[in-house]
Amino acid sequence: PEEFVYGEEDFVLQSAGWGDPNSAPSRFDRVLLAGWSDRMERGLFRYRLGPLPTRVLPGPVRLVAQLNEQRSAERRPPQPVRSLRDPFDPGAFNFTRLRPAELLFRLRRTGGPGPPPDPLLVAINASPLERGHVLLLPEPARRLPQVLTAPALRGALEAALLSAHPGFCVGFNGLGGGASVNHLHLHGLYLGRPLPLEEAPAEPLGPRLGLLRAGPAPAFLFFAPGPAALEPVSRAVCRAAEHVAGAGLACNVLATRGDPPAGPGAGGGRGLRVLLWARRAVFGPKAGEPFAVALCELAGLLPLPAEPLYRDITEVQALSAIRQHLLSEPELLHL
């Protein structure tokens, strides 16, 4: 694939506001969305993605429900996962098998701050949640299992700063936490509306760590006010993910534009909020669940597989399904 070479001057330190999310897309946005739309026209996705019915569920958490029947019916079945430490399996589907046309470009930084992260391949997600849904892949030939590494996370955080869209975020589903392929990858996604976790204040747990209780699930919050903080934040998040795995728990990670941990009006500009959820590991589908619980659901976005569920689900029902996977308050605080 072609290289997308960028430097610190390409970082968008203050993205567009939600009042005008389509204003002045960055070079990164233009290249990504043009390539994504081209692959959609060429029929490289599993289905054609049109506008998705979306509604906010009544209630204080304001969960965003979205109907995406095609993804549920036509996506590749998730790989069976047996443990948090499953090794890479060359016999199973992995990203060395992507068709060349599914690759959009390779991200490569030149210049500061600090040493550049490993290059990331940007590829279409063939079963997309939203327009512009991509995979961010460290070199697939390295055959790394789905365990988050600091170089991969830092590259993804830099990608988040290359977008001028307020809803572009990057995320990671760990083994036992909704990952469908055991080959290291992150997601890039353009959300269509803000989520409460972008600005809600967090309880301080230490100098650089908070506990965010907004949304359907409490998360550990790390904050990068600018590009120079991406490396230490990436290392801190990955140390936390290792600690979580050591406790026998799965994790999910989301990075989104947001306010400092103290919330809006507390001083300081917006930066990147990096949230880590620790949750009970799930291996295989659970009977009777209305939906699987992974990154999007923990953040408050519910991609739902069927129209009756989309039409009728309540906030209480959705929160009950999500919270089956969470830790009790004593367990969370002990962690």
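Coordinates for the structure precede this section.
What you see is a predicted model, and the numbers here were worked out from it, not measured in a lab.

Enquirer: Is there a simple way to think about the packing of helix H3 (residues 150–162) against helix H4 (residues 230–246) in this case?
Expert: Working note: a packed helix pair is described by the angle between its axes plus the distance between those axes. Orientation of H3 relative to H4, taken along the N-to-C sense of each, is 130°, at an axis distance of 9 Å. By the criterion of interaxial angle, the relationship of H3 to H4 is oblique. Considering only the axes of H3 and H4, their crossing is right-handed. The residues of H4 that touch H3, namely those facing Ala 150, Leu 153, Arg 154, Leu 157, Glu 158 and Leu 161, are Leu 230, Glu 231, Val 233, Ser 234, Arg 235, Val 237 and Cys 238. Classifying every residue of the contact of H3 with H4 by side-chain character gives eight nonpolar, one polar and four charged.

Enquirer: In this structure, what is going on with the sheet that holds strand S13 (residues 271–279)? I would like to understand it.
Expert: In a beta sheet, neighbouring strands are held together by backbone hydrogen bonds and run either parallel or antiparallel to one another. Overall, mixed pairing links the 11 strands, which are arranged S1-S4-S5-S6-S8-S7-S12-S13-S11-S10-S9 in an open sheet. Edge positions in the open sheet fall to strand S1 (3–6) and strand S9 (203–206), since each of these has one partner strand only. Here the strands of the sheet are splayed against their neighbours by 25° on average, with no regard to which way each runs. Bridge count for strand S7 (residues 168–173) against strand S12 (residues 250–258) is four bridges, and the pairing is antiparallel. When the bridges of S12 are listed, Gly 171 appears paired with Leu 254. In the packing of helix H1 (residues 27–41) onto the sheet, the strands contacted are S1, strand S4 (103–109), strand S5 (120–124), strand S6 (134–137), S7 and strand S8 (186–190), and the crossing angle to S4 comes to about 160°.

Enquirer: Sorry, what's going on with the side chain of His 187 here?
Expert: Note on placement: His 187 falls in strand S8. The class for His 187 is buried, based on a relative accessible area of 14%. Among the polar contacts listed, one links the side chain of His 187 to the side chain of His 133, at a separation of 3.0 Å. Beyond its immediate stretch of four places on either side in the chain, His 187 contacts Asn 125, His 133, Val 134, Leu 135, Leu 136, Cys 169, Val 170, Gly 171 and Asn 173.

Enquirer: Looking at this model, I keep getting lost on the pairing of S12. Mind explaining?
Expert: Strand residues, when the strand is regular, have side chains that alternate between the two faces of the sheet. Counting buried positions over the nine residues of S12 gives nine, a clear majority of the element. What you see with S12 is no split at all: Ala 250, Asn 252, Leu 254, Thr 256 and Gly 258 on one side and Cys 251, Val 253, Ala 255 and Arg 257 on the other are buried throughout. In this structure, S12 lies alongside S13, joined through nine bridges in antiparallel fashion. Of the residues in S13, the one forming a bridge with Leu 254 is Leu 275.

Enquirer: Would you mind showing me how to read H4 here?
Expert: For an α-helix the count is 3.6 residues per turn, leaving residues at separations of three or four pointing the same way. Between the first and last C-alpha of H4 there are 24 Å, a value that for 17 residues agrees with the 24 Å anticipated at 1.5 Å per step. Of the positions making up H4, those classed as buried are Leu 230, Val 233, Ser 234, Ala 236, Val 237, Cys 238, Ala 241 and Val 244. Packing partners of the buried residues in H4 comprise H3, strand S11 (219–224), S12 and S13. Directly after H4, the chain includes Gly 248, whose backbone phi takes a positive value near 80°.

Parameters at a glance
Residues numbered from 1 in each chain as written. Predicted model: local features only at pLDDT ≥ 70, side-chain atom pairs only at ≥ 80, totals over all residues. Heavy atoms only, no water. Axes fitted to C-alpha atoms, helices over the stretch in contact; angles between N-to-C directions. Helix = DSSP H or I, 4+ residues; strand = E, 2+ residues; numbered from the N terminus. Parallel < 35°, antiparallel > 145°, perpendicular 65-115°, else oblique. Left-handed = near helix turned anticlockwise from the far one by under 90°. Contact = heavy atoms within 4.5 Å. Nonpolar A, V, L, I, M, F, W, Y, C, P; charged D, E, K, R; others polar. Pairing = 2+ DSSP bridges. Buried < 20%, exposed > 50% of the residue type's maximum accessible area, 1.4 Å probe, protein only. Polar contact = N/O pair within 3.5 Å; in protein donor to acceptor, adjacent residues only side chain to side chain. Expected span 1.5 Å × (residues − 1).

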